[in-house]
Amino acid sequence: MRTKVTVIGAGNVGATTAQRLAERGYADVVLVDIVDGLPQGKALDMYEASPVIGIDSSITGATDYGPTAGSDIVVITSGVARKPGMSRDDLLQINMGIVDSVTRAAIAESPDATIVVVSNPLDAMCHVAYDAAGIPSSRVVGMAGILDTARYRSFLAEAINVSVEDINAFVLGGHGDTMVPLASYTTAAGIPITKLLPQDQLDQIIQRTRDGGAEIVNLLKTGSAFYAPSAAVAQMVDAIALDKRRILPCAALLNGEYGVDGLFIGVPVVLGQNGIEQILEISLTDEEQSQLQHSADAVQGLVDDMARLSQNNGG
């Protein structure tokens, strides 16, 4: 029996994720959106490619959650992007409501599912999904570190002029300006990156990684990244559905690891059929630990803002 995966949100990230997963052949995919016709039309278009690609996966679209029942994995991409004139609080409040409602609807149909959160602000939305789902924290995991690390690895490979496959790295922390690329764990075929690049060039690449999402937004002007984010989600779903036990940087609820308690933040985890099988606590330099704490403080600020907004609305 194929794995069943629900992808909530049929925008660019969600639809591209659904396509990537369907084309793998091991999963039946349900694409859900509130806009009638959008998920159905995109799903039908994907399904009609099946004979060409040679897959027998089921790909369906829906505006309700009945067809999602019994999903093994639920991917949440729903949410709005910040628009001109919209405050940070406005964005946070809108996406809190969206992620809360879709999580409750999805988990009601699939109580044993593992939830992969993609909606932004990522780390904060993991908290919303976790609170709404009422499931063990090991089954709520956020996608950000893989994307940030992929950008970091791409830029490094380009700078050294080697295959991206030979670059191994971790980017930890919150998904945003405070993310922490770990130079001490960055290698090219096992060679420390500091032996291959001067520090000033490495610093430039680290900054470009932190600005990676904004760089694409500035180029597109009317949208944001979706090819690389959907690839990162697919890697996480592979690890869970196929029980690959991959070591990947993902947002996980920490309970004292790295000196952080009660926050979702990006760290190395073992990802398998039970979701987060293990949180790996690796040694950091003093500077990296300080940066990670700074990133955790930024995530805590978002969580505090959400609590304030909920209180102001009587929640």
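To keep things clear, this report deals only with the structure shown in the data block. Here the residue numbers are simple positions, counted from 1 along each chain's written sequence. In keeping with the predicted nature of the model, local features appear solely for residues at pLDDT of at least 70, side-chain atom pairs appear and are counted solely at 80 or more, and the whole-chain, interface and lining totals rest on all residues. Only hydrogens and water are set aside when side-chain values are computed; all heavy atoms of the structure are taken into account.

1. Brief notes about helix H9 (residues 227-241)
Defined as follows: In this description a helix means any DSSP run of H or I spanning at least four residues, a strand means any run of E spanning at least two, and both kinds are numbered starting from the N terminus. Between the first and last residue of a helix there are one fewer steps than residues, each counted as 1.5 Å, and that sum is the expected span. Only protein chains enter the accessibility calculation, which uses a 1.4 Å probe; a residue is then buried when its area is under 20% of its type maximum, exposed when over 50%, and partly exposed in between.
The first and last C-alpha atoms of H9 sit 21 Å apart over 15 residues, in line with the 21 Å expected at 1.5 Å per residue. Those residues of H9 not exposed but buried are Pro229, Ser230, Ala232, Val233, Ala234, Met236, Val237, Asp238, Ala239 and Ile240. Looking at the residues trailing H9, positive phi occurs at Asp243, about 50°.

2. Regarding the pairing of strand E1 (residues 3-8)
In plain terms, the rule: Strand pairing follows a simple DSSP-based rule, namely that at least 2 bridges must link the two strands. Look down the strands so they point away from you; if the path from the first strand over the helix to the second goes clockwise, the crossover is right-handed.
In terms of burial, E1 is largely enclosed, as five of its six residues are buried. Relative to strand E2 (residues 27-32), E1 runs parallel, the two sharing six bridges. Considered in E2, the bridge of Val5 is made with Val29. Taken together, E1, helix H1 (residues 12-22) and E2 form a β-α-β motif whose crossover is right-handed. In this sheet, strand E4 (residues 73-76) lies alongside E1 in parallel orientation, the contact comprising four bridges. When the sheet's bridge partners are listed, Val5 is paired in E4 with Ile73.

3. Looking at the side chain of Asp238
We count it as follows: In what follows, residue pairs with any heavy atoms lying within 4.5 Å of each other are defined as contacts.
Along the chain, Asp238 turns up in helix H9. If we skip the residues at most four places from it in the chain, Asp238 touches Arg24, Tyr26, Asp243 and Lys244.

4. Remarks on the sheet that holds strand E10 (residues 187-188)
Spatially, E7-E10-E11 is the arrangement adopted by the three strands of the open sheet, whose pairing is antiparallel. Each edge of the open sheet carries a strand with a single partner, namely strand E7 (167-168) and strand E11 (191-192).

5. Some thoughts on the environment of Ile279
Examined against the element boundaries, Ile279 turns out to sit in strand E14 (residues 275-279). Here the alpha-carbon distance between Ile279 and Gly262, two residues 17 residues apart in the chain, equals 14 Å.

6. Here we look at the nonpolar core
The test is simple: Only buried Ala, Val, Leu, Ile, Met, Phe, Trp, Tyr and Cys residues count toward a nonpolar core, and they belong to the same one when joined by side-chain atoms within 4.5 Å.
Val75, Val116, Met125 and Leu271 are the most contacted members of the largest nonpolar core, which totals 83 residues. Sequence-distant contacts of Leu271, that is, excluding residues within four places in its chain, are made with Val141, Met236, Ala239, Ile240, Lys244, Arg245, Arg246, Leu248, Cys250, Ile276 and Glu277.

7. Digging into unusual backbone geometry
Across the junction of Asn120 and Pro121, the peptide omega takes the value -5°, indicating a cis bond. Relative to the helices and strands, Pro121 resides in the loop between strand E5 (114-117) and helix H5 (122-133).

8. Remarks on the packing of helix H4 (residues 88-109) against H5
Counted only if it meets this: To get an axis, fit a line to the C-alpha atoms, keeping to the stretch in contact for a helix; angles then go from 0 to 180 degrees between the N-to-C directions. If you view the pair so one helix is near and one far, a crossing is left-handed when the near helix is turned anticlockwise from the far one by less than a right angle, and right-handed when it is turned clockwise. Amino acids outside the nonpolar list (Ala, Val, Leu, Ile, Met, Phe, Trp, Tyr, Cys, Pro) and the charged list (Asp, Glu, Lys, Arg) are all regarded as polar, and Gly is one of them.
Interaxial distance between H4 and H5 falls to 8 Å at its minimum, and their mutual angle equals 35°. In terms of crossing hand, the pair formed by H4 and H5 is right-handed. For the pair formed by H4 and H5, the contact residues are Leu92, Asn95, Met96, Val99, Asp100, Thr103, Arg104 and Ile107 on the first element and Ala124, Met125, Val128, Ala129, Ala132 and Ala133 on the second. A class-by-class count of the residues in the contact of H4 with H5 yields ten nonpolar, two polar and two charged.

9. Brief notes about the pattern of salt bridges
Note the following rule: Salt bridge, as used here: a side-chain nitrogen of Lys or Arg that lies within 4 Å of a carboxyl oxygen of Asp or Glu.
Under the counting rule described, the total for this entry stands at seven salt bridges. Between Arg24 and Asp238 there is a salt bridge, with the nearest N and O atoms lying 2.8 Å from each other. Here the residue Arg24 occupies a position in the loop between H1 and E2, and Asp238 occupies one in helix H9, the gap between them amounting to 214 residues. Residue Arg24 is classed as partly exposed on the basis of its relative accessible area, which comes to 39%. Judged by relative accessible area, Asp238 falls into the buried class, the value being 12%. A salt bridge links Asp305 to Arg308; the nearest nitrogen and oxygen atoms lie 3.4 Å apart. Here Asp305 pairs with Arg308, and both are found in helix H10 (residues 286-312), just three residues apart, close to one helical turn. When its relative accessible area of 15% is taken as the criterion, Asp305 is described as buried. Under the relative-accessibility criterion, Arg308 is labelled partly exposed at 32%. When salt bridges with common partners are traced through the structure, they connect Glu158, Arg208 and Glu215 into a single cluster.

10. Observations regarding the packing of aromatic side chains
Our working rule: Stacked, edge-to-face and tilted are the three classes for Phe, Tyr and Trp ring pairs, Trp counted by its six-membered ring, which pair at centre distances within 6.5 Å; planes under 30 degrees apart are stacked, over 60 edge-to-face, the rest tilted. Throughout this description, the term charge over a ring refers to an Arg CZ or Lys NZ atom that lies within 6 Å of the ring centre and within 35 degrees of the ring normal.
Overall, the coordinates contain two aromatic pairs when judged by the stated rule. With centroids separated by 5.8 Å and ring planes inclined at 65°, the aromatic side chains of Tyr130 and Phe264 adopt a geometry described as edge-to-face. Of this pair, Tyr130 sits in helix H5 while Phe264 sits in strand E13 (residues 261-272), and the two are 134 residues apart along the sequence. Relative accessible area serves as the criterion here: at 26%, Tyr130 is assigned to the partly exposed category. Under the relative-accessibility criterion, Phe264 is labelled buried at 0%. Judged by centre distance (4.3 Å) and plane angle (40°), the rings of Phe226 and Tyr227 are tilted. The exposure class of Phe226 is buried, given its relative accessible area of 16%. Under the relative-accessibility criterion, Tyr227 is labelled exposed at 56%. Here the guanidinium or amino end of Arg208 rests over the ring plane of Phe155, the centre of that ring lying 4.1 Å away.

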